[in-house]
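So the chains spell out like this:
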Amino acid sequence: MESLFYRNYLKYLRNEFYIAQSEIADFLYCSISTYSKMEQGKKEISFEDFEAVIRFYEKKKKGYSFCFDENKKKEAKDLIRKCIIAFVYRSQKEILDELKSYLADPANLHSYAFFETKLIEMIYDYFADLPFQERLPFMLEHMNLYDHTEQSLIYDLYGLSKLRAYDKSAIECFQSAKALSVLINIPGWLGLIDHHMILTYLQEMEPTKAFLLFEECSREFQTAGAHRRLLNL
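These numbers come from a predicted model, not from an experiment.

What counts as what
Residues numbered from 1 in each chain as written. Predicted model: local features only at pLDDT ≥ 70, side-chain atom pairs only at ≥ 80, totals over all residues. Heavy atoms only, no water. Core = buried A, V, L, I, M, F, W, Y, C linked by side-chain atoms within 4.5 Å. Buried < 20%, exposed > 50% of the residue type's maximum accessible area, 1.4 Å probe, protein only. Helix = DSSP H or I, 4+ residues; strand = E, 2+ residues; numbered from the N terminus. Phe/Tyr/Trp six-rings, centres within 6.5 Å; stacked < 30°, edge-to-face > 60°. Arc of directions from axis to C-beta. Contact = heavy atoms within 4.5 Å. Polar contact = N/O pair within 3.5 Å; in protein donor to acceptor, adjacent residues only side chain to side chain. Expected span 1.5 Å × (residues − 1). Salt bridge = Lys/Arg side-chain N within 4 Å of Asp/Glu carboxyl O. Patch = residues over 30% accessible without salt bridge, like charges linked within 9 Å, V, L, I, M, F, W, Y side chains within 5 Å. Areas by Shrake-Rupley, 256 points an atom, 1.4 Å probe, with all protein chains shown as cover. Lys, Arg positive; Asp, Glu negative; His and termini not counted. Charge placed at Lys NZ, Arg CZ, Asp CG, Glu CD. Axes fitted to C-alpha atoms, helices over the stretch in contact; angles between N-to-C directions. Parallel < 35°, antiparallel > 145°, perpendicular 65-115°, else oblique. Left-handed = near helix turned anticlockwise from the far one by under 90°. Nonpolar A, V, L, I, M, F, W, Y, C, P; charged D, E, K, R; others polar.

Before going further, it helps to examine the nonpolar core. Ranked by size, the top nonpolar core spans 76 residues in total, and within it Phe5, Tyr9, Phe50 and Trp189 carry the most contacts. Of all the elements, helix α8 (residues 114-127) adds the most residues to this core, at nine residues.

Here you go:
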């Protein structure tokens, strides 16, 4: 998993800073072909190689630095879980200041929590009623770097973006989110996904399919004590 993170993060940096592979290869005293294989996953990237490339960028780009604190990843995952809980209880606005504060710290982005922080950026946009759809392609492209909890949330937000566009394929996204939700334990989350599916079926004028989800959705909200959602339902 570490090597997977290394190559995806380094590839992102190179594209972000418009750096040629030849420059990095020269810095590492290796061939362009060897470095290219690192980014493609055809050659393992050691921690020493990763650290060396980070030092290259820190010297090359003023103001850039990478935080090697391994606790950053856990902090980000805990915050994502907190966001899902806020989503279930319809208290998204109450967590916006915390998200804004987290995102204001560059040490959270350029760290081992990079991909989780990119997801938190999208969550913030959605909770703040800002355009979030443009961030989805990045999440979907790097889906293998997210755990089941994060994948379930990404698919749910993907479905919501399609729901807004009156795209009936939103159902497929919610079904993927629901399949992943059974692997995690967040009270009411399954119910919220069902709720989104109900909205989609109603939008598509299929009330019978929506009704079949009603009982399960209601039970999930009642068990979780998600009274605001229950009223919506």
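After presenting the structure, the write-up continues.
Position of Gln40 among the secondary structure elements: in helix α3 (residues 32-40). Take Gln40: its relative accessible area is 45%, and that puts it in the partly exposed class. Considering only alpha carbons, one finds Gln40 and Val88, 48 residues apart in sequence, at a separation of 38 Å.

Applying the stated rule across the entire model yields 30 aromatic pairs. Centre to centre, the rings of Phe5 and Tyr6 are 6.4 Å apart; their planes meet at 65°, and the pair counts as edge-to-face. Considered together, Phe5 and Tyr6 belong to a single accessibility category, that of buried residues. Through a chain of ring-to-ring contacts, the aromatic side chains of Phe5, Tyr6, Tyr9, Tyr12, Phe47, Phe50, Phe66, Phe68, Tyr112, Phe114, Phe115 and Phe138 assemble into a single cluster.

This part is about helix α6 (residues 96-103). Since the α-helix turns once every 3.6 residues, residues separated by three or four places project in the same direction. Looking only at α6, the buried set comprises Leu96, Leu99 and Tyr102. One face of α6 carries all of its buried residues, which in axial projection span an arc of 125°. Exposed side of α6, more than 90 degrees from the buried face: Asp97, Lys100 and Ser101 are the residues found there. At its buried positions, α6 is contacted by α5 (71-88), α7 (106-109) and α8.

Time to look at the environment of Tyr126. Tracing the backbone through its elements, the reader meets Tyr126 in helix α8. Residue class for Tyr126 comes out buried when judged on its relative accessible area of 14%. Sequence spacing of Tyr126 and Leu192 is 66 residues, and the spatial spacing of their C-alpha atoms is 15 Å. Discounting residues that sit within four places of it in the chain, Tyr126 has contacts with Phe87, Phe132, Leu157, Leu160 and Arg164.

In this fold, Glu39 is placed in helix α3. Accessibility expressed as a relative area gives 9% for Glu39, which makes it buried. Engagement of the side chain of Glu39 in a polar contact is seen with the side chain of Arg14, the distance being 2.8 Å. When near neighbours in sequence (up to four residues on either side) are disregarded, Glu39 contacts Arg7, Leu10, Lys11, Arg14 and Gln21.

A separate point is helix α4 (residues 47-60). With 14 residues, α4 extends 20 Å between its outermost C-alpha atoms, agreeing within 8% with the 20 Å of an ideal straight helix rising 1.5 Å per residue. Of the residues making up α4, those classed as buried are Phe50, Val53, Ile54, Phe56 and Tyr57. The buried residues of α4 occupy an angular sector of 155° when the element is viewed end-on, so they sit on one face. In α4, the exposed positions that point more than 90 degrees away from the buried face belong to Glu48 and Lys59.

With that settled, the discussion passes to the pattern of salt bridges. Under the counting rule described, the total for this entry stands at 19 salt bridges. Of the charged contacts in the structure, one is a salt bridge between Arg228 and Glu94, with a shortest N-O distance of 3.9 Å. Here the residue Arg228 occupies a position in helix α14 (residues 227-232), and Glu94 occupies one in the loop between α5 and α6, the gap between them amounting to 134 residues. Each member of the salt-bridge network shares a partner with another, and the members are Lys73, Lys77, Glu116, Asp147 and Glu150.

Right, let's get into a negative patch on the surface. A cluster of acidic side chains, namely Glu2, Asp69, Glu70 and Glu75, defines a negative patch on the protein surface. Of note, Glu75 is situated in helix α5.

What follows is about the packing of helix α11 (residues 170-181) against helix α12 (residues 189-203). Two numbers describe how α11 lies on α12: the axes approach to 10 Å, and their chain directions differ by 165°. One finds that α11 runs roughly antiparallel with respect to α12. Regarding α11 and α12, the two cross each other, and that crossing is left-handed. Seen from α11, the contacting residues are Ala170, Ile171, Phe174, Gln175, Ala177, Lys178 and Ser181; seen from α12, they are Trp189, Leu190, Ile193, Asp194, His196, Met197, Thr200 and Tyr201. A breakdown of the residues in the contact of α11 with α12 according to their chemical character gives nine nonpolar, four polar and two charged.

Take it as geometry only, folks, not as evidence of what the structure does.
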